[in-house]
Amino acid sequence: MKIKGYKSKLIRQRILHLFTFYFSLFTFLLLSHSLSIGAEISGHEVRFHENDIFVTASLSLDNKYLQELNNGITKEFRFYVDIFRVWKIWPDEFILSRSFVRRLMCDPVKKEYIATSNDGTTLVEKRFKSFESMTKWALTINDLKLANLRELEPGVYFVRVTAESKIRKLPPVIGYFMIFSPETEFKLVKDSFTFSAGSPK
């Protein structure tokens, strides 16, 4: 009986050690990967033409992230361009949104560079001659027509641009602990200046 009890205790200890090891490994990999990824939203510009609101912004990635892309790791980015109304007492009010999913695929052997853009209605696929031209197109929101000033209620507004990258699929053992982790590699938010809109009725 003492031998059986000893074996059961030993098995429990081994299971606990394995769990601790894999959880520590996962945490280390997740934190080191998150800290090593550098990204920012740059060139966030809002302009007005004939009462229409146009937005331009781009996502800048660090060299390590770009190298992963260039080595053939497929990446998917989600962009959200939202208009919020400012209230003095209440939280900012969400008004409307445009969103895009950009997917980048590289074949370093064949030198093929493919990117797609999906706004929920239209899917666009483009092939590029260089890695630089692909990333420039896929990571840029260029002069997006968002709304018309006259269609908004009188008030003060701002434009928020959000960019996020989903975490790629992890190995099965590490993936077991995904319940403890976020679903994105990064999520960036940048707000514009505030502006007045809307015509009194």
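That block above? That's the structure.
Being a predicted model, the structure only gives us computed values, none of them experimental. (Residues numbered from 1 in each chain as written. Predicted model: local features only at pLDDT ≥ 70, side-chain atom pairs only at ≥ 80, totals over all residues. Heavy atoms only, no water.)

(A) Broad picture of the nonpolar core. Counting residues in hydrophobic clusters, the biggest one holds 37 residues, and the most contacted among them are I53, L59, F77 and V159. The greatest single-element share of this core, amounting to five residues, is contributed by strand β2 (residues 52-61). In contact with F77, other than residues within four places in its own chain, are L59, L61, Y65, F100, V101, R102, L104, L139, E164, S165 and F186. (Core = buried A, V, L, I, M, F, W, Y, C linked by side-chain atoms within 4.5 Å. Buried < 20%, exposed > 50% of the residue type's maximum accessible area, 1.4 Å probe, protein only. Helix = DSSP H or I, 4+ residues; strand = E, 2+ residues; numbered from the N terminus. Contact = heavy atoms within 4.5 Å.)

(B) Focus on a nonpolar patch on the surface. The grouping of W87, I89 and W90 at the surface amounts to a nonpolar patch, some 440 Å² of accessible area in total. Looking at the secondary structure, you find I89 in the loop between β3 (75-85) and β4 (93-107). A residue is classified by how much of its surface remains accessible, and I89, at 77% relative accessible area, is exposed. (Patch = residues over 30% accessible without salt bridge, like charges linked within 9 Å, V, L, I, M, F, W, Y side chains within 5 Å. Areas by Shrake-Rupley, 256 points an atom, 1.4 Å probe, with all protein chains shown as cover. Salt bridge = Lys/Arg side-chain N within 4 Å of Asp/Glu carboxyl O.)

(C) Focus on the sheet that holds β2. With antiparallel pairing, the three strands of this open sheet are ordered in space as β1-β2-β7. With one partner strand each, in any of the chains shown, β1 (39-49) and β7 (140-148) form the two edges of the open sheet. Within the sheet, the average angular offset between the axes of one strand and its neighbour, ignoring direction, is 20 degrees. In the sheet, β2 pairs with β7 via six bridges, with the strands oriented antiparallel. (Pairing = 2+ DSSP bridges. Axes fitted to C-alpha atoms, helices over the stretch in contact; angles between N-to-C directions.)

(D) Spatial organisation of the pairing of strand β6 (residues 123-128). Where strand β5 (residues 112-118) lies against β6, six bridges are found, and the strand directions are antiparallel. Across the sheet, the residue bridging to T116 is E125, located in β6. Count of turn residues in the β5/β6 antiparallel hairpin: four residues, of which G120 carries a positive phi of about 95 degrees.

In short, shape yes, function no, at least from these values alone.
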